[in-house]
Amino acid sequence: MARLYEVVRLHGNLFQPSFKLREKTRIGARVIKRYHPPVPPVARVLAHSGVAEADKDRLKAMLESADPVILFAGIRAAQEELGRRVDRRGLNARSEEPVAVDLQRFTLSLKTAWQVGEKRPTHRRPYRRTKPYPKRQSMLEPFEPQIRAWLEADPAVSAASVLERLMSADPSRFTKKSLRTVQMAVKAWRIETAGQIIRDGDWMKRAPLSSPVAAGEDNGHLSAPNFGNIPG
């Protein structure tokens, strides 16, 4: 932080223009503010008559020896080091020497930094959850084996019929307002069952073969299976 403040202080006081209030006029509820032309703080100090000439000479020598690009590169290098220290804080923290500023690499990066914007290491990092999200128990979870048995016995059974059976089994838990929950669960289980059948290839075994005598042909062929209420 001390190294960061050192370069920020010089860069801001020597090269960063700022406004200074010249006058403020109030007209009723309206306030009119007028400012001096923006200049760096060092220029105001050099123009002030109350500052000693020896101090002004020191400021002039400091201004002549300072380079805004080097100071700006020092700011970014200090921010990167501060970001690395934050990342490795804790029991595994270890002291490292500050990295030397590569001025050539920094100046080359300024050519394209304005296109995508600059992301500093000290910016707030996005939150990444490490713990798993808690799973809330579904109201259908205790009855899931029974519902799956109903669907396996009668694949064309509707969600409304399933809800009626559940209301008969446990009237205190299920009401007509639970229809949407039952519909979503039944739809998900049907999709899961259909995917399992397709992956296992069991649908080929379940498809009935048409009789050659009924078809009037010598070779048997697969007839259109009956998938519940889906017309063939």
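Worth saying up front: this structure is predicted, and the values here are computed from it rather than measured.

Trainee: Let's hear about the pairing of strand 2 (residues 30-35): which residues, and what values?
Mentor: Here strand 1 (residues 21-27) runs beside strand 2; their pairing, made up of six bridges, is antiparallel. Within strand 2, the position partnered with I27 by the bridge is R30. Between strand 1 and strand 2, which follow one another and run antiparallel, lie two residues, and G28 among them has a positive phi close to 65°.

Trainee: Can you break down the confidence of the model for the protein chain residue by residue, with the values?
Mentor: Per-residue confidence for the protein chain gives a mean pLDDT of 78, with 75% of residues at or over 70. Averaged over each element, pLDDT in the protein chain is lowest for helix 10 (residues 212-215) (45) and highest for strand 2 (94). Residue range residues 210-225 is modelled with pLDDT below 50. Its contacts to residues more than four positions away, or to other chains, number 13 contacts. Note that pLDDT drops below 50 for residues 227-232; the model gives that stretch two contacts with residues more than four away or on any other chain.

Trainee: Summarise the nonpolar core; cite the residues concerned and give the values.
Mentor: Most often, soluble globular proteins have nonpolar side chains that are buried together. Judged by nonpolar contacts, the single largest core of 15 residues is most densely connected at L140, I147, L151, V162, L166, F174 and V182. Every element with two or more residues in this core is listed here: helix 6 (144-153), helix 7 (159-169) and helix 8 (179-200). When sequence neighbours within four positions are dropped, the list of residues in contact with L166 reads L140, F143, I147, W150, F174 and V182. Ranked by size, the runner-up nonpolar core spans eight residues in total, among them L4, L10, V42 and A78.

Trainee: Residues and numbers for helix 7, please.
Mentor: Residues of helix 7 that are buried include every one of A159, V162, L163 and L166, and no others. Viewed along the axis of helix 7, the buried residues span an arc of 100°, placing them on a single side of the element. Within helix 7, the exposed residues directed more than 90 degrees away from the buried face are E164 and S168.

Trainee: Now, about the packing of aromatic side chains: what can you tell me, with residues and values included?
Mentor: Counted by the stated rule, this structure contains two aromatic pairs. Relative to Y35, the ring of F19 lies with its centre 6.0 Å away and its plane at 75°, an arrangement referred to as edge-to-face. With F19 in the loop between helix 1 (2-15) and strand 1 and Y35 in strand 2, the pair connects residues that are 16 residues apart, well separated along the chain. Its relative accessible area of 41% is what places Y35 among the partly exposed residues.

The rules behind each value
- Residues numbered from 1 in each chain as written.
- Predicted model: local features only at pLDDT ≥ 70, side-chain atom pairs only at ≥ 80, totals over all residues.
- Heavy atoms only, no water.
- Pairing = 2+ DSSP bridges.
- Helix = DSSP H or I, 4+ residues; strand = E, 2+ residues; numbered from the N terminus.
- pLDDT = per-residue confidence, 0-100.
- Contact = heavy atoms within 4.5 Å.
- Core = buried A, V, L, I, M, F, W, Y, C linked by side-chain atoms within 4.5 Å.
- Buried < 20%, exposed > 50% of the residue type's maximum accessible area, 1.4 Å probe, protein only.
- Arc of directions from axis to C-beta.
- Phe/Tyr/Trp six-rings, centres within 6.5 Å; stacked < 30°, edge-to-face > 60°.

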